[in-house]
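As a plain string of letters, each chain reads:
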Amino acid sequence: MPKKMTEKKSEMALEKQNYRLLAIAFIIVVIGFVLMTGSSNEDPQIFNEDIYSFRRITLAPLVVLFGFLFGIYAIMKKPADTKKGKKQGKE
């Protein structure tokens, strides 16, 4: 094998901090879906107006959307060490 192949150090695509932020984003999305759930209607002949509550129609989708946006941020965020290392290397 060429030396270039054996000397190459494998690096993770994301840093540890990014994975923590992704875990937080996942938890936020799960909380949003839990907010969408509600009690079941025991009698199918009776209409339950709880399905149109503020929590299910407005709050839960906003929480899920925030969770997805936070997940995108977690993936795109660059670690602080990388930024400092690049600045010092150019000087």
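Our subject is the structure listed above.
Conventions adopted
- Residues numbered from 1 in each chain as written.
- Predicted model: local features only at pLDDT ≥ 70, side-chain atom pairs only at ≥ 80, totals over all residues.
- Heavy atoms only, no water.
- Core = buried A, V, L, I, M, F, W, Y, C linked by side-chain atoms within 4.5 Å.
- Buried < 20%, exposed > 50% of the residue type's maximum accessible area, 1.4 Å probe, protein only.
- Helix = DSSP H or I, 4+ residues; strand = E, 2+ residues; numbered from the N terminus.
- Contact = heavy atoms within 4.5 Å.
- Phe/Tyr/Trp six-rings, centres within 6.5 Å; stacked < 30°, edge-to-face > 60°.

(A) Structural view of the nonpolar core. Core analysis: the largest hydrophobic core is formed by six residues, namely Leu-21, Ala-25, Ile-28, Val-63, Phe-70 and Ala-74. Contributions of two or more residues to this core are made by helix H2 (16-36) and helix H3 (54-76). If we skip the residues at most four places from it in the chain, Ala-25 touches Gly-67, Phe-70 and Gly-71.

(B) How the structure looks around the packing of aromatic side chains. Taken as a whole and assessed by the stated rule, the structure comprises three aromatic pairs. For the ring pair Phe-70 and Tyr-73, a centre distance of 6.1 Å and an interplane angle of 40° mean the geometry is tilted. On the criterion of helical spacing, the pair formed by Phe-70 and Tyr-73 is a turn pair, its members being three residues apart in helix H3. Every member of this aromatic cluster is reached through a ring pair, and the members are Phe-66, Phe-70 and Tyr-73.

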